[in-house]
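# Remarks on the overall topology
This is what each chain is made of:
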Amino acid sequence: MGEVVPLPVSEPAREERPVLVIDLGGQYSQLIARRVRECRVYSELVGHGVSAEDIRARNPLALVLSGGPASVYAEGAPRIDPRIYELGIPTLGICYGMQLMAQDLGGSVDRTGVSEFGKTDVRVHEGALFAGLAEEQTTWMSHRDSVTAPPAGARVVAGSNSTPIAAFEHAERKLYGVQFHPEVVHTPCGMEVLKNFLYSVADAPATWTAAAVIEEQVERIRAQVGSERVLCALSGGVDSAVAALLVHKAVGDQLTCVFVDHGLLRKEEAAQVVETFRGHFHVPLIHVDAEERFLARLDGVDDPEEKRTRIGEEFIRVFEAESRKLEGHPAARAKPARPPNGVAKSTPQINYLVQGTLYSDVIESGGTEGVAAKIKSHHNVGGLPEEMAMELVEPLRLLFKDEVRRVGEELGLPERMVWRHPFPGPGLAIRIIGEVTQERLEILREADSILLDEIRRAGLYRELWQCFAVLPAIRSVGVQGDERTYAYPIVIRAVTSEDAMTADWARLPYDLLETISSRIINEIPAVNRVALDISSKPPSTIEWE
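About the cut-offs
- Residues numbered from 1 in each chain as written.
- Predicted model: local features only at pLDDT ≥ 70, side-chain atom pairs only at ≥ 80, totals over all residues.
- Heavy atoms only, no water.
- Helix = DSSP H or I, 4+ residues; strand = E, 2+ residues; numbered from the N terminus.
- Buried < 20%, exposed > 50% of the residue type's maximum accessible area, 1.4 Å probe, protein only.
- Contact = heavy atoms within 4.5 Å.
- Areas by Shrake-Rupley, 256 points an atom, 1.4 Å probe, with all protein chains shown as cover.
- Axes fitted to C-alpha atoms, helices over the stretch in contact; angles between N-to-C directions.
- Parallel < 35°, antiparallel > 145°, perpendicular 65-115°, else oblique.
- Left-handed = near helix turned anticlockwise from the far one by under 90°.
- Nonpolar A, V, L, I, M, F, W, Y, C, P; charged D, E, K, R; others polar.
- Phe/Tyr/Trp six-rings, centres within 6.5 Å; stacked < 30°, edge-to-face > 60°.
- Pairing = 2+ DSSP bridges.
- Core = buried A, V, L, I, M, F, W, Y, C linked by side-chain atoms within 4.5 Å.
- Polar contact = N/O pair within 3.5 Å; in protein donor to acceptor, adjacent residues only side chain to side chain.
- pLDDT = per-residue confidence, 0-100.

Moving on, we come to the overall build of the protein. For the protein, the helix and strand inventory stands at 14 helices and 21 strands. Taking all 545 residues of the protein together, 54% fall into the buried category. Partitioning the intrachain contacts of the protein with sequence separation of at least 6 by distance along the chain shows that 74% fall at a separation of at least 24. Counting only carbon and sulfur atoms, one obtains 48% of the accessible surface of the protein, whose full area is about 24400 Å².

Written out as structure tokens, the structure reads:
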């Protein structure tokens, strides 16, 4: 018998290999992953408990250790498997990540008594991370501890007046560290530092594009659903719209979209969704009027987390009910799934449900590997019921919002939908602070419509990341026309964002605010004052106008 020669195993395409961002508890961990993708390199966020074996199995192009609020020498501080450093994978430590790398590899980290918070000037030396950059650079730092001795064999390549070791590198072991945050916009050279690491050190290809995402997801969708029929949960926002178009591109008339009008949408939004999908894309669409059903589930509920949970569960129940009714519906009389013998299936059961879940939704809802703290339960993640009759299809689950928009443009989604301001799945229900009622919904819907109308009229809509009205469910005494009023306030929130991850309050012109306020008060009798929220948090700390 001849010798058995094993067939060679081909290396995976470089665009299939990720950059893994190891989350060590930093508030900017998501942003690091986002910035890597901005360099057109695919990245994922993973928990710091990931093992060396797990990382080796993923075969990543590079690793990034995030920042974090802890001290590396404190009890219970986040750590990583030390064997990771021995894998030979290019690794960049940022802030806490740099300090952890230094400590793990024989360097030292101490609290020197000198802290740096905010813009910091550093002097860079020759090194791979700073190739092509000026000797003097402005960076953004946030640390109390400092690396006081680099790992053996590493050389210092940047320093500031207060922090002599602001960056080091060990080229032979492909280990690099920076004390500053290259991912934030306050570090002007930050993207160049990341690109130097990704392109020069890790030899990562810049292939993460909208077209590549579409091609990959179409293949994944086809592999998952085969020839079976698919139901899409169309909510009216850009996320579910792009998810629907991706699935339609993959499986065509196997898809039926179900648009649930839960009565929590913005003014005239339902009509726009129906016109776009039925009229523009000719996608099979069922329009379900479920306002009464959702309002009944929200009766007496004022806690926002409870609202999200109830709305998420009700969405699933509506879709399950629609899947059972689809066989006789005109919109569903597309090509039925057929087995190899050509005989149509006798049961109309649909086993697949499409959702426009985003990567940020997953992370904010607590992640999947202890990656992040739970910020809020997104109705399509943390709000899902434990028992579901359908398997989820989530083609956007690893995309951020701005990436979804680029995919939407590539798919031909109309501009008015692609660039629509982010709108939560639970809709106006969580923009009412308190119990949701029909009256409050109508008040908020009209106020929000006036606000957006004036923002568009002023030519500011595309400049703002998000602008919306909030209704606190309280009444206060006011005076209008020399008479007493007892009515609601409306809170206006407007923010800008340069990276789709961090936001700052928008400085709207006073004459515009005056126009908005006057229109809302004069056109909505149930409102007697307008407030402007200028905090960086959800509407709680407000400044009255």
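Where helix α13 (residues 438–457) contacts helix α14 (residues 510–523), the two axes come as close as 10 Å, and the packing angle between them is 150 degrees. Comparing their axes, α14 and α13 come out roughly antiparallel. When you trace α13 past α14, the crossing you get is right-handed. For the pair α13 and α14, contact is made by A447, I450, L451, D453, E454, I455 and R457 and by L512, T515, I516, R519, I520 and E523, respectively. Across the contact of α13 with α14, the residue classes break down as seven nonpolar, one polar and five charged.

Before going further, it helps to spend a moment on the packing of aromatic side chains. Under the definition given, this model contains seven aromatic pairs. Here Y42 and W208 contribute two aromatic rings whose centre-to-centre distance is 4.6 Å and whose plane-to-plane angle is 45 degrees, an arrangement assigned as tilted. Pair noted here: Y42 is in the loop between α1 (29–38) and β2 (43–47) and W208 is in the loop between α4 (190–201) and α5 (210–225), with a separation of 166 residues, a long-range link. Take Y42 and W208: they sit in the same class, and that class is buried. A ring pair is formed by Y176 and F197, whose centres lie 6.2 Å apart and whose planes are at 70 degrees; its orientation type is edge-to-face. In this pair, Y176 is assigned in strand β9 (residues 175–178) and F197 in helix α4, connecting sequence segments 21 residues apart. In terms of burial, Y176 and F197 fall into one category: buried.

Turning next to the packing of helix α6 (residues 238–251) against helix α11 (residues 401–411). Relative to each other, α6 and α11 sit at 45 degrees, their axes nearing to 10 Å. Between α6 and α11, the angle is such that the two are oblique. The two elements α6 and α11 cross, and the hand of that crossing is left-handed. Of the residues in α11, those in contact with V238, D239, V242, L245, L246 and K249 of α6 are K401, V404, R405, V407, G408 and L411.

A two-sided burial pattern is seen for strand β4 (residues 91–94), the buried positions comprising T91 and G93 on one face and L92 and I94 on the other. Note: strand β3 (residues 62–65) against β4, three bridges, orientation parallel. Residue pairing across strands places L65 opposite G93, the latter belonging to β4. One ladder, built from four bridges, connects β4 with β9; its direction is parallel. Note that in β9 the partner of L92 across the bridge is Y176.

A separate point is the nonpolar core. Grouped together as the largest cluster of nonpolar side chains are 97 residues, with contacts concentrated most on F277, F319, V407, L413, I455 and I520. The greatest single-element share of this core, amounting to 10 residues, is contributed by α6. With residues up to four places along the chain from it excluded, the contact list for F277 reads L234, A241, A244, L245, H282, V283, L285 and M417.

What follows concerns unusual backbone geometry. One non-glycine residue, R40, lies in positive phi territory at about 65 degrees. If you trace the backbone, R40 turns up in the loop between α1 and β2.

Right, let's talk about the environment of Y199 for a bit. In this fold, Y199 is placed in helix α4. Residue class for Y199 comes out partly exposed when judged on its relative accessible area of 31%. Taking C-alpha positions, Y199 is 9.2 Å from C39, a pair spaced 160 residues apart along the chain. In this view, Y199 contacts C39, V41, A204 and A206; residues no more than four positions away in its chain are not counted. In this structure the side chain of Y199 is engaged in a polar contact, spanning 2.6 Å, whose partner is the backbone oxygen of C39.

With 83% of its residues at a pLDDT of at least 70, the protein reaches an overall mean of 83. Ranking the elements of the protein by mean pLDDT puts strand β21 (residues 543–544) last, at 28, and β3 first, at 97. Across residues 330–348 the pLDDT falls below 50, and counting only partners more than four positions away or on other chains, this stretch makes 26 contacts in the model. In the predicted structure, residues 365–384 sits below a pLDDT of 50 and forms 59 contacts with residues beyond four places in sequence or in another chain.

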